Amino acid sequence: MEAGIIGLPQVGKTTLFRILTKAHVEGKGGASATHVGVAKVPEPRLLELAKLYNPKKVTYATVNYVDLGGMQKERMREALAQLREVEVIAHVIRVFQDASVPHSEGRIDPLRDATNLDLELMLSDHDQIVRRLERVEKDLKKKRDPALELEKTVLEKCKAQLEAEKPLREVELTSEERKSIGGFLFLSARPVLYVLNLGDEEADKLDTAVERHKLGALQGKKNAAVVPICGRLEAELAEMEEKEAAELLASYGLKEPGLNRLIRATYDLLGLIQFFTAGEPEVRAWTVHKGDPAVKAAGVIHSDIERGFIRAEVVRWNDLVAAGSIAAAKEKAQVRLEGKEYVVQEGDVILFRHSG
Ligand SMILES: Nc1nc2c(ncn2[C@@H]2O[C@H](COP(=O)(O)OP(=O)(O)OP(=O)(O)O)[C@@H](O)[C@H]2O)c(=O)[nH]1
Ligand SMILES: [Mg+2]
């Protein structure tokens, strides 16, 4: 999965990128450039499973992050063009006060910033829709085409939504309507995580950050979520030894690293869950969508396993850990045989039986 980090200049995008990917980014001009990095999805259950198998390899699920640079007004369009492929957007909003870090609009106003950048996404979509509509109308004059008629209706609906200054992620479409515009990668249609970048002094008050900064308007929207973090502090933590980091975390009153909360929020927002495969060669976490059937989960591992799917042997990870081995879990009748249509549950440990 790929996520794009956006935000006005100097709001903490690269800082967030460092937290997520634990990459050290610095150097002249470097901080404003575009970076691509991989974040491991924190998963303590994987280590519990590894204790049973003593595997050669433990593999975490990963999320790729793109940290966009150059989001000054005059270069915004260019920067946003790099976002076409991402599945979800992390939109960093500056809340922290720091006179030594200049703000592009002069004054700290998180809601204004969030709204303005959202508008940029909408403008970019609006441009694309207007251009496409011209084309479609021309073609429809030449000949009738029900598929094109539908596309036109849906594009007009989207255009009206944007003209009401509402992002496409909030528009209600039937699955047929959605399909008719499926080829377009509209930016304001992407689910968004608003990441509030708070000052260090708010570390022990993350729960109430939204109210304190009057950002309620960002909350409770369709396909959007809000996550407060203390960017600079967490970036320091990301570069420390685990034990040292845990101590500092606790001294600031933080219960867990921002990385964990961010990734969890991303999974929730996208409706993603994890399942595990476990054996001596490798204990590994995989990502699927809530509601996906076993055969689709098999396909995430390998298309051969999907094609040759016979059945899935499924056990809850905690049952397996408590039993101590698959054989012991089988004796307790905790290992189920499931077919292609079985809906994978968060935390399932699955062994796929397949032919070929
Ligand atoms: N005081 C304070 N400073 C922060 C915080 N987060 C980031 N900064 C500082 O703000 C400056 C900009 O942070 P970056 O992460 O480079 O911001 P950016 O959005 O990547 O900036 P550009 O790529 O240049 O647009 C740096 O000097 C950071 O140290 C924070 O939570 N508190
Ligand atoms: Mg940067």
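**With respect to the sheet that holds strand S6 (residues 192-197)**
Then comes step 1: Strand order in the open sheet formed by six strands is S2-S4-S1-S5-S6-S7, with mixed pairing between adjacent strands. The open sheet has two edge strands with one neighbour each: strand S2 (35-40) and strand S7 (224-229). Recorded for the sheet is a direction-independent mean angle of 25° between the axes of neighbouring strands.
Then comes step 2: Helix H1 (residues 13-21) rests against strand S1 (2-6), S2, strand S4 (62-67), strand S5 (88-94) and S6 of the sheet, and its axis sits at about 35° to S2.
Then comes step 3: In this fold helix H4 (residues 110-142) packs onto S1, S5 and S6, with an angle of close to 145° to the strand it touches most, S5.

**Concerning the nonpolar core**
Then comes step 1: Ile5, Tyr194 and Val195 are the most contacted members of the largest nonpolar core, which has 55 residues in total.
Then comes step 2: Residue contributions to this core reach at least three from each of two domains, namely domain 1 (2-44 + 59-104 + 190-270) and domain 2 (118-188).
Then comes step 3: In this structure, Val195 is in contact with Leu16, Ala90, His91, Val92, Ile93, Val227 and Ile229, ignoring residues within four places of it in sequence.
Then comes step 4: Within the second largest apolar cluster, 26 residues are counted, among which are Leu270, Phe276, Val283 and Ala297.

**Description of the environment of Asp268**
Then comes step 1: With respect to the element layout, Asp268 can be found in helix H10 (residues 258-270).
Then comes step 2: For the pair formed by Asp268 and Leu80, sequence separation is 188 residues and the distance between their alpha carbons is 25 Å.

**What to know about the domain arrangement of the protein chain**
Then comes step 1: As far as domains go, the protein chain holds domain 1 (2-44 + 59-104 + 190-270), domain 2 (118-188) and domain 3 (291-354).
Then comes step 2: On a C-alpha basis, the centroid separation for the pair domain 1 and domain 2 is 31 Å.
Then comes step 3: With 12 residues of domain 1 in contact, the opposing surface of domain 2 contributes six residues.
Then comes step 4: Grouping the amino acids of the side of domain 1 that touches domain 2 by side-chain chemistry returns six nonpolar, one polar and five charged.

**Observations regarding helix H9 (residues 242-251)**
For an α-helix, the turn length of 3.6 residues means that residues three or four places apart are oriented alike.
Then comes step 1: Among the 10 residues in H9, zero count as buried, and that is only a small part of the element.
Then comes step 2: Following H9 by one or two positions, Gly253 adopts a phi angle in the positive range, close to 80°.

**Details of the site of ligand 1**
Then comes step 1: Inspection of the region around ligand 1 gives 20 residues, with Lys13, Thr14, Thr15, Gly231 and Arg232 positioned closest.
Then comes step 2: At the level of elements, H1 and helix H8 (231-238) are the ones that each hand at least two residues to the shell around ligand 1.
Then comes step 3: It is H1 that contributes the most residues to the shell around ligand 1, three residues altogether.
Then comes step 4: Looking at the shell around ligand 1 residue by residue, the class counts come to seven nonpolar, 10 polar and three charged.

**Here we look at the packing of H1 against H8**
Then comes step 1: Contact geometry of H1 with H8 gives a least axis separation of 8 Å together with a crossing angle of 35°. Read as a crossing pair, H1 and H8 show a hand that is left-handed. Here H1 contributes Thr15, Leu16, Arg18 and Ile19 to the contact with H8, which in turn contributes Gly231, Arg232, Glu234, Ala235 and Ala238.
Then comes step 2: Looking at side-chain class alone, the contact of H1 with H8 contains four nonpolar, two polar and three charged residues.

**Here we look at unusual backbone geometry**
Then comes step 1: One non-glycine residue with positive phi stands out, namely Glu165, at about 60°.
Then comes step 2: Within the secondary structure layout, Glu165 lies in the loop between helix H5 (146-163) and helix H6 (175-180).
Then comes step 3: We classify Glu165 as exposed; it has 10 C-beta atoms within 10 Å.
Then comes step 4: Backbone geometry places Lys214, a non-glycine residue, at a positive phi of 55°.
Then comes step 5: In this fold, Lys214 is placed in the loop between helix H7 (209-212) and S7.
Then comes step 6: The class for Lys214 is exposed, based on 9 C-beta atoms found within 10 Å.

So, how was this worked out
Every chain is numbered independently, its residues counted from 1 as its sequence is written. Here the convention is simple: chains get letters from A, ligands get numbers from 1, in the order in which they are written. The predicted nature of this model means local features are confined to residues of pLDDT at least 70 and side-chain atom pairs, given and counted, to a pLDDT of 80 or more, with totals for whole chains, interfaces and linings taken over all residues. Whether two strands pair depends on DSSP finding at least two bridges between them. We count a stretch as a helix when DSSP gives it H or I for four or more residues in a row; a strand needs E for two or more, and each element gets its number in order from the N terminus. Axis angles are defined between N-to-C directions and span 0 to 180 degrees, where every axis is a line fitted to C-alpha atoms and, for a helix, only to the segment in contact. Contact between two residues is assigned whenever their backbone-derived C-beta positions fall within 7 Å. The nonpolar core is taken to be a set of buried Ala, Val, Leu, Ile, Met, Phe, Trp, Tyr and Cys residues joined by way of C-beta atoms within 7 Å. Here exposure depends only on C-beta density: within 10 Å of a residue's C-beta, 20 or more other C-beta atoms make it buried, 12 or fewer make it exposed, and intermediate numbers make it partly exposed, the C-beta atoms being placed from the backbone. Source of the domain bounds: an automatic or database domain assignment. Polarity classes work like this: nonpolar for Ala, Val, Leu, Ile, Met, Phe, Trp, Tyr, Cys and Pro, charged for Asp, Glu, Lys and Arg, and polar for all others, with Gly in that last group. The criterion for a residue being near a molecule or strand is simple: its C-beta atom, placed using the backbone, must lie within 6 Å of it. We call a crossing left-handed when the near helix sits turned anticlockwise from the far one by less than a right angle, and right-handed when that turn is clockwise.

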